[in-house]
Amino acid sequence: MKTKLLALAAALALTGCSGPGPDAPEKGLADPAKKDIAMRLVSSAENSTLDWKAQYGYIEDIGDGRGYTAGVIGFCSGTGDMLKVVERYTAARPGNALERFLPALRAVVGGDSHEGLGDAFTEAWARVADDTAFRRAQDAERDETYLDPAVARAEADGLSALGQFVYYDAFVMHGYADAKGTVGFRTIRAEAVEAADPPSRGGDEEAYLDAFLDARVRAIRQEPSHSDASRVETAQRVFVHEGRLQLETPLVWKVYGESFRIDGP
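All values reported here derive from a predicted model rather than from experimental measurement.

## Observations regarding the pairing of strand β4 (residues 251-255)
- Only one face of β4 is covered, namely the one carrying Leu251, Trp253 and Val255; the face carrying Val252 and Lys254 has none of its residues buried.
- Where β4 and strand β5 (residues 258-262) come together, five bridges link them in antiparallel fashion. Bridging from a neighbouring strand, leucine 251 pairs with isoleucine 262 of β5.
- Hairpin connection between β4 and β5: a loop of two residues separates the two successive antiparallel strands, and tyrosine 256 in this loop has a positive phi of roughly 50°.

As structure tokens, then:
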């Protein structure tokens, strides 16, 4: 009997039926599956869909004072990151349909003007959406300007995959530094650190993330165009209180009144 029990235990271990152990290595957003979950979470807020890969051709003016919003994370003509995407694309694909709009894109940074852009630009943006070079330009700008610095800062603060996503989403929505009429990630984090110690300083991660989200809600409510805080309160705050520090699925949340669910990678 003892031999049979030992054999059964070995079989369960080999088939993985016992599930991951408590010492299983944690995975951050550098892990492709975790990164994809983060992309889907951001897309639920930015585009009202989990299909983030279908958003490369998205473009419209949403009336937030930042001109056109477009692409996989909402690059804006008024903030300059849309310009960077087109510059990257042009470096990889000279003569592309967006290259002729570079002077206009440079001129509208800092405002909400469409001068020199208009329908011709939005139609060209949508038309090149399936070009691999254009998609790579968007991915590179997203990672270099938003994802990578957010993850690096989160890792330095001792945060898990959830914390890395929380930082990343704040980078996407608020930018790193304060701008006219907005509060940036840097200030939001400073307020959070003042209220609670991050794990790197011996603090509890859930308590720290709650403090960060409190600061972010205050930042959101200072911006008339972003006064709805459901992106935090009925999504990220829910994950924190459920203890899903590794973005464990299923994830169920609401944002801007819409319900979403991720059951697995």
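## Describing the side chain of threonine 122
- As for its position among the elements, threonine 122 is in helix α5 (residues 118-127).
- Residue threonine 122 is classed as buried on the basis of its relative accessible area, which comes to 16%.
- Engagement of the side chain of threonine 122 in a polar contact is seen with the backbone oxygen of aspartate 119, the distance being 3.1 Å.
- Contact partners of threonine 122, with chain neighbours within four places excluded, come to Ile59 and Tyr68.

## Describing the pattern of salt bridges
- Following the criterion strictly, the structure yields 21 salt bridges and no others.
- We note a salt bridge from aspartate 210 to arginine 237, for which the minimum N-O separation is 3.0 Å. Taken together, the residues aspartate 210 in helix α9 (residues 205-221) and arginine 237 in helix α10 (residues 230-241) connect sequence positions 27 residues apart.
- By relative accessible area, which is 9% here, arginine 237 ends up buried.
- The structure contains a network of salt bridges with shared partners spanning Lys35, Asp139, Arg142 and Asp143.

## Description of the environment of asparagine 96
- Relative to the helices and strands, asparagine 96 is located in the loop between α3 (81-92) and α4 (102-108).
- C-alpha separation for the pair asparagine 96 and valine 86, spaced 10 residues apart in sequence, amounts to 9.4 Å.
- With residues near it in sequence (within four places) discarded, asparagine 96 still touches Tyr89 and Thr90.
- Within polar-contact distance, the side chain of asparagine 96 engages the backbone oxygen of arginine 93 at 2.9 Å.
- For asparagine 96, the side chain forms a polar contact with the main-chain nitrogen of leucine 98, separated by 2.7 Å.

## Considerations on the sheet that holds strand β2 (residues 68-70)
- Overall, antiparallel pairing links the three strands, which are arranged β1-β2-β3 in an open sheet. The strands lining the two open edges of the sheet, one partner per strand, are β1 (59-61) and β3 (75-76).
- Sheet topology places β1 next to β2; three bridges connect them, and they run antiparallel. Across the sheet, aspartate 61 pairs through a bridge with tyrosine 68, a residue of β2.

## Digging into the packing of aromatic side chains
- Applying the stated criterion across every chain yields a total of 14 aromatic pairs.
- Ring plane angle 40° and centroid distance 4.4 Å describe the contact between phenylalanine 171 and phenylalanine 185, whose orientation is recorded as tilted. You can see phenylalanine 171 sitting in helix α7 (residues 161-174) and its partner phenylalanine 185 sitting in helix α8 (residues 185-195), a full 14 residues away along the chain. Grouping residues by exposure puts phenylalanine 171 and phenylalanine 185 together as buried.
- Cluster of aromatic residues (ring-pair linked, three or more members): Tyr68, Tyr89, Phe101, Phe121, Trp125 and Phe134.

## Overview of the nonpolar core
- Ranked by internal contacts, the top residues of the largest apolar core, which has 77 residues, are Leu98, Phe121, Trp125, Phe165, Tyr168 and Phe212.
- For this core, the element with the highest residue contribution is α7, accounting for 10 residues.
- Those residues within four positions of leucine 98 in sequence are excluded, and the remaining contacts are Val86, Tyr89, Phe121, Ala124, Trp125, Val128 and Phe134.

Parameters and conventions
Residue positions are counted from 1 within each chain, in the order its sequence is given. For this predicted model, a pLDDT threshold of at least 70 governs which residues receive local features, and a threshold of 80 or more governs which side-chain atom pairs are given and counted, while totals over whole chains, interfaces and linings are taken from all residues. Excluded from the side-chain calculation are hydrogens and water; included are all heavy atoms of the structure. Note on classification: 1.4 Å probe, protein chains only; a residue is buried when its accessible area is under 20% of the maximum for its type, exposed when over 50%, partly exposed between these limits. Here a strand is any run of E in DSSP of at least two residues, a helix any run of H or I of at least four, and the numbering for each starts at the N terminus. Only strands that DSSP links by at least two bridges are regarded as paired with each other. Counting of polar contacts relies on pairs of N or O atoms within 3.5 Å, with two restrictions inside protein: one atom must be capable of donating a hydrogen and the other of accepting it, and residues adjacent in sequence are counted only when both atoms are side-chain atoms. The contact definition used throughout considers only heavy atoms, calling two residues in contact when any of these lie within 4.5 Å. Any Lys or Arg side-chain nitrogen located within 4 Å of an Asp or Glu carboxyl oxygen qualifies as a salt bridge. Pairs were defined over the aromatic rings of Phe, Tyr and Trp, the Trp ring being its six-membered one, requiring ring centres within 6.5 Å. Orientation was assigned from the angle between planes: stacked under 30 degrees, edge-to-face over 60, tilted for the rest. For this analysis, a nonpolar core means a set of buried residues of the types Ala, Val, Leu, Ile, Met, Phe, Trp, Tyr and Cys, connected via side-chain atoms within 4.5 Å.

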